[in-house]
Amino acid sequence: MDVMISVFLGLHIIGIASLLGGFLTQMKAMGAGTARFVPAMLHGALTMLVTGVLLVGLREMDGGTVDHIKIGVKLAVLFVVLALVYVKRDEERVDKALFGAVGGLTMANIFIAVLWH
């Protein structure tokens, strides 16, 4: 079970890297007002959702404890990010504030995961 948890944790980190990396590659375009949500951002958010749910299930099946409030907050933040990226994925330009909000929420989700014990 530990191996499976480690594999899905690695995939979860790849998902966050894809979402955050997509955001960071568009930072210059955001300054120019031409930023858009790239496919890597949508795929990263979906990867995070699937692997995150699997991680919670695997951890509970293994007899570990899970902070359900923390997971609920992280899931809510991810749903907002996923909804924004999904709805605006085909637009050529995304408003700076909206694009920045997705980046900020993504980073907030990272810090929630790391700092909330």
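The structure under discussion appears in the preceding block.
Thresholds, definitions, all that
- Residues numbered from 1 in each chain as written.
- Predicted model: local features only at pLDDT ≥ 70, side-chain atom pairs only at ≥ 80, totals over all residues.
- Heavy atoms only, no water.
- Helix = DSSP H or I, 4+ residues; strand = E, 2+ residues; numbered from the N terminus.
- Rg over C-alpha atoms; globule rule 2.2 N^0.38 Å.
- Contact = heavy atoms within 4.5 Å.
- Areas by Shrake-Rupley, 256 points an atom, 1.4 Å probe, with all protein chains shown as cover.
- Lys, Arg positive; Asp, Glu negative; His and termini not counted.
- Charge placed at Lys NZ, Arg CZ, Asp CG, Glu CD.
- Expected span 1.5 Å × (residues − 1).
- Buried < 20%, exposed > 50% of the residue type's maximum accessible area, 1.4 Å probe, protein only.
- Arc of directions from axis to C-beta.
- Polar contact = N/O pair within 3.5 Å; in protein donor to acceptor, adjacent residues only side chain to side chain.
- Phe/Tyr/Trp six-rings, centres within 6.5 Å; stacked < 30°, edge-to-face > 60°.
- Salt bridge = Lys/Arg side-chain N within 4 Å of Asp/Glu carboxyl O.

### A look at the overall build of the protein
Each helix and strand in the protein was counted, giving five helices and zero strands. For the protein, the C-alpha radius of gyration of 15 Å lies close to 13 Å, the compact-globule estimate for 117 residues. Projected onto its principal axes, the C-alpha positions of the protein cover 50 × 25 × 20 Å. Sequence-distant contacts, at least 24 apart, represent 80% of the contacts inside the protein between residues at least 6 apart. Element-wise, carbon and sulfur atoms account for 71% of the exposed surface of the protein, whose accessible area totals about 6800 Å². Taken together, the 9 basic and 8 acidic charged side chains of the protein have centroids lying 10 Å from each other.

### Details of helix H4 (residues 68-87)
For H4, spanning 20 residues, the distance from its first C-alpha to its last is 28 Å, which sits close to the expected 28 Å at 1.5 Å a residue. Those residues of H4 not exposed but buried are Lys70, Lys74, Val77, Leu78, Val81, Leu82 and Val85. All buried residues of H4 project into a common sector of 140° when viewed along the axis, lining one side. For H4, the exposed residues lying more than 90 degrees away from the buried face are His68, Ile69 and Val87. Where H4 is buried, its residues meet helix H1 (2-25), helix H3 (39-61) and helix H5 (96-115). You can read the cap of H4 off the contacts: a side-chain oxygen lies 3.3 Å from the backbone nitrogen of Ile69, and it is on Asp67.

### Some details on the packing of aromatic side chains
According to the stated counting rule, one finds two aromatic pairs in the structure shown. Aromatic pair Phe23 and Phe99: ring centres 5.1 Å apart, planes at 25°, arrangement stacked. You can see Phe23 sitting in helix H1 and its partner Phe99 sitting in helix H5, a full 76 residues away along the chain. Note on Phe99: relative accessible area 0%, which makes it buried. Seen from their ring centres, Phe37 and Phe99 are 5.3 Å apart, and the 25° between their planes marks the pair as stacked. Placement of the pair is Phe37 in the loop between helix H2 (27-32) and H3 and Phe99 in helix H5, with a sequence separation of 62 residues. Like Phe99, Phe37 is buried. Of the aromatic side chains, those joined through ring pairs into one cluster are Phe23, Phe37 and Phe99.

### Overview of the pattern of salt bridges
Counted under the stated rule, the structure contains one salt bridge. Taking the shortest distance from any N to any O, the salt bridge between Lys88 and Glu91 comes out at 3.4 Å. For Lys88, a relative accessible area of 26% corresponds to the partly exposed category.

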